[in-house]
Amino acid sequence: MRTLTRVPLLSSSPGQQRRSQWWNAQRPHATTQRHIPARLSFATFSSSSPAGAAAISASALKPVVVVGSANADIYVEIDRLPLEGETIAARAGQTLAGGKGANQACCGGRLDYPTYFVGQIGDDAHGRLIEDALRGGGVRLDRLARVSSAPTGHAVVMLQSDGQNAIIIVGGANMSCWPEDPRDEDLEVVRSAGVLLLQREIPDRVNIQVAQAAKGAGVPVILDAGGMEAPVPDELIKLVDIFSPNETELARLTGMPTETFEQISRAAKRIHEKGVEKVLVKLGAKGSALFIEGEDPIIQPIIPASEVLDTTGAGDTFTAAFAVALVECKPMKECLKFAAAAASLCVQVKGAIPSMPDRAAVVELLQSLPADAATK
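Residues numbered from 1 in each chain as written. Predicted model: local features only at pLDDT ≥ 70, side-chain atom pairs only at ≥ 80, totals over all residues. Heavy atoms only, no water.

K.L.:
For the overall build of the protein chain, give the residues involved together with the corresponding values.
P.N.:
A count of helices and strands for the protein chain gives 12 helices and 14 strands. Across the 376 residues in the protein chain, those meeting the buried criterion constitute 54%. Within the protein chain, counting contacts between residues at least 6 apart in sequence, those at least 24 apart form 70% of the total. Looking at the protein chain as shown, the accessible area adds up to about 15900 Å², and 53% of this sits on carbon and sulfur atoms. (Helix = DSSP H or I, 4+ residues; strand = E, 2+ residues; numbered from the N terminus. Buried < 20%, exposed > 50% of the residue type's maximum accessible area, 1.4 Å probe, protein only. Contact = heavy atoms within 4.5 Å. Areas by Shrake-Rupley, 256 points an atom, 1.4 Å probe, with all protein chains shown as cover.)

K.L.:
Talk me through the nonpolar core; I want residue IDs and the actual numbers.
P.N.:
Core analysis: the biggest nonpolar cluster contains 50 residues, and Val 64, Phe 117, Leu 134, Ile 222 and Phe 322 have the highest contact counts within it. Excluding residues within four positions of it along the chain, Leu 134 makes contact with Ala 102, Ala 105, Cys 106, Phe 117, Val 139, Leu 141 and Leu 144. Residues Val 206, Ile 264, Leu 283 and Phe 291 belong to the second largest nonpolar core, which totals 41 residues. (Core = buried A, V, L, I, M, F, W, Y, C linked by side-chain atoms within 4.5 Å.)

K.L.:
Could you give an account of the packing of helix α3 (residues 100-110) against helix α10 (residues 314-327), naming the residues involved and the relevant values?
P.N.:
Orientation of α3 relative to α10, taken along the N-to-C sense of each, is 45°, at an axis distance of 8 Å. Viewed along their axes, α3 and α10 adopt a mutual orientation that is oblique. With respect to the hand of their crossing, α3 and α10 are arranged in right-handed fashion. Residues Lys 100, Asn 103, Gln 104, Cys 107 and Gly 108 of α3 lie in contact with α10, whose contacting residues are Asp 316, Thr 317, Thr 319, Ala 320, Ala 321 and Val 324. For the contact of α3 with α10, the class distribution of residues is four nonpolar, five polar and two charged. (Axes fitted to C-alpha atoms, helices over the stretch in contact; angles between N-to-C directions. Parallel < 35°, antiparallel > 145°, perpendicular 65-115°, else oblique. Left-handed = near helix turned anticlockwise from the far one by under 90°. Nonpolar A, V, L, I, M, F, W, Y, C, P; charged D, E, K, R; others polar.)

K.L.:
Any details on the side chain of Thr 254? Residues and values, ideally.
P.N.:
Locating Thr 254 in the fold gives a position in helix α8 (residues 247-254). For Thr 254, a relative accessible area of 11% translates into the label buried. Within the local environment of Thr 254, its side chain forms a polar contact with the backbone oxygen of Leu 250, the two atoms lying 2.7 Å apart. Dropping the residues within four chain positions of it, Thr 254 is found in contact with Ala 267, Arg 270 and Ile 271. (Polar contact = N/O pair within 3.5 Å; in protein donor to acceptor, adjacent residues only side chain to side chain.)

K.L.:
I'd like a rundown of unusual backbone geometry, residues and numbers included.
P.N.:
Look at Cys 177: it is not a glycine, yet its phi comes out positive at around 75°. Looking at the secondary structure, you find Cys 177 in the loop between β8 (165-170) and α5 (184-191). The phi angle at Cys 329 is positive, at roughly 70°, despite the residue not being glycine. By the secondary structure assignment, Cys 329 is in the loop between α10 and α11 (332-346).

K.L.:
Tell me about the packing of α5 against helix α6 (residues 204-216), residues and numbers included.
P.N.:
Running from N to C, α5 and α6 point in directions that differ by 50°, and their axes come no closer than 8 Å. The angle between α5 and α6 falls in the class oblique. Here α5 runs over α6; the crossing is right-handed. Contacts between α5 and α6 involve Leu 187, Val 190 and Arg 191 from the former and Gln 209, Val 210, Ala 213 and Ala 214 from the latter.

K.L.:
If you had to explain the environment of Ala 155 to someone new, which residues and values would you point to?
P.N.:
Here Ala 155 shows up in strand β7 (residues 153-160). Between the C-alpha atoms of Ala 155 and Tyr 75, which are 80 residues apart in sequence, the distance is 8.3 Å. When residues no more than four places from it in sequence are discounted, the contact partners of Ala 155 are Asn 71, Ala 72, Asp 73, Ile 74, Ile 167, Ile 168 and Ile 169.

K.L.:
Please set out the packing of aromatic side chains residue by residue, giving values where relevant.
P.N.:
Applying the stated criterion across every chain yields a total of one aromatic pair. Lying across the ring of Phe 338, Lys 330 places its NZ or CZ 5.3 Å from the centre. (Phe/Tyr/Trp six-rings, centres within 6.5 Å; stacked < 30°, edge-to-face > 60°. Lys NZ or Arg CZ within 6 Å of the ring centre and 35° of its normal.)

K.L.:
Give me the lowdown on the sheet that holds β7, citing residues and values where you can.
P.N.:
With respect to topology, four strands assemble into an open sheet ordered β4-β3-β7-β8, the strand pairing being mixed. Each of the sheet's edge strands pairs with one partner strand only, and the pair in question is β4 (92-98) and β8. With strand direction ignored, the average angle separating the axes of adjacent strands in the sheet is 20°. As paired elements, strand β3 (residues 71-78) and β4 share seven bridges and run antiparallel to each other. The partner of Asn 71 across the bridge, within β4, is Gly 98. Across the sheet, helix α4 (residues 125-136) is in contact with β3, β4 and β7; its angle to β4 comes to roughly 65°. (Pairing = 2+ DSSP bridges.)

K.L.:
An account of the pattern of salt bridges is requested, with residue identities and associated values reported.
P.N.:
Under the criterion given, the structure shown has 23 salt bridges. In this structure, the salt-bridge partner of Glu 131 is Arg 146, at a minimum N-O distance of 2.8 Å. You can see Glu 131 sitting in helix α4 and its partner Arg 146 sitting in strand β6 (residues 144-147), a full 15 residues away along the chain. An identical accessibility class is assigned to Glu 131 and Arg 146; each is buried. Its salt-bridge partner being Glu 273, residue Arg 270 comes within 3.8 Å of it at the nearest N-O pair. (Salt bridge = Lys/Arg side-chain N within 4 Å of Asp/Glu carboxyl O.)

Quick look at the structure:
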């Protein structure tokens, strides 16, 4: 018989210092404890810094809620991908917390915005690794479930020397043991959200159920296309306000080429025809573009990184940072710029969750740019 428990909240002492100097503090195995309030409280965000003041300015807004996957990412660093039938040696390996849902939730928490994560982990060491990482990122965990009948999801991340990666996912608790009907407490959190973030590493039926609850409460829904290769069900896509694929996912889901910007524009129009008003396309080294039905696209170039160590989690960082800026009522151009800065910092650190920048680092990067550098 399946058993399910809620992960208990852990509060640190009120005087405990939150993470500072993000860039210098990055270590692949480091997790940092932050004060997690017993109840959602905006008063815990300090106003002693510009980052804290920005978070407090959002205090009248509703939280970001992420429903999605949590994985243990098993990293192997290699010079190249193996050929069929070939065995090669890795230069190094380690296991870090990840998963598209957990990544996006941790990004929201690191950006000093109240963020809930609704997801499932197994009752195992990988689950505890993820729990600790999310707690260290400031994520609310009272809607994280631990199941005993399935292992925590995991992924094998083959990281090449140029920072590019190939990933294989094992669903585990992400894809099984979800209740037939969503738990009332989970739906209550979704209905209270300022924005709902979804991905495709959990069953489509779960995404549909929570998206329906969000729609009924007037909560905007962002669906990241990453995860399953299967077509997005029409029942889900019609509930989505912002659909966010990368160019490869856009090509696969529309059956259209996406090698040029004109082709990407036509593919985005195909998504509009399915009932989605906004299509946010992540273009890798070419930046990003937001296609709003009936309007000219908004183009955001990348903000160059000093070095690219690992692109894992960059797309999740971009999507989550965009969502945070959106719920803070920033104009769309500013949302894209904020997301681009967060993604630029992300790729300079190995690991998904360890690479998520805090708000102070993002603001500092944006302020260091020439006035027009982030928008041309």
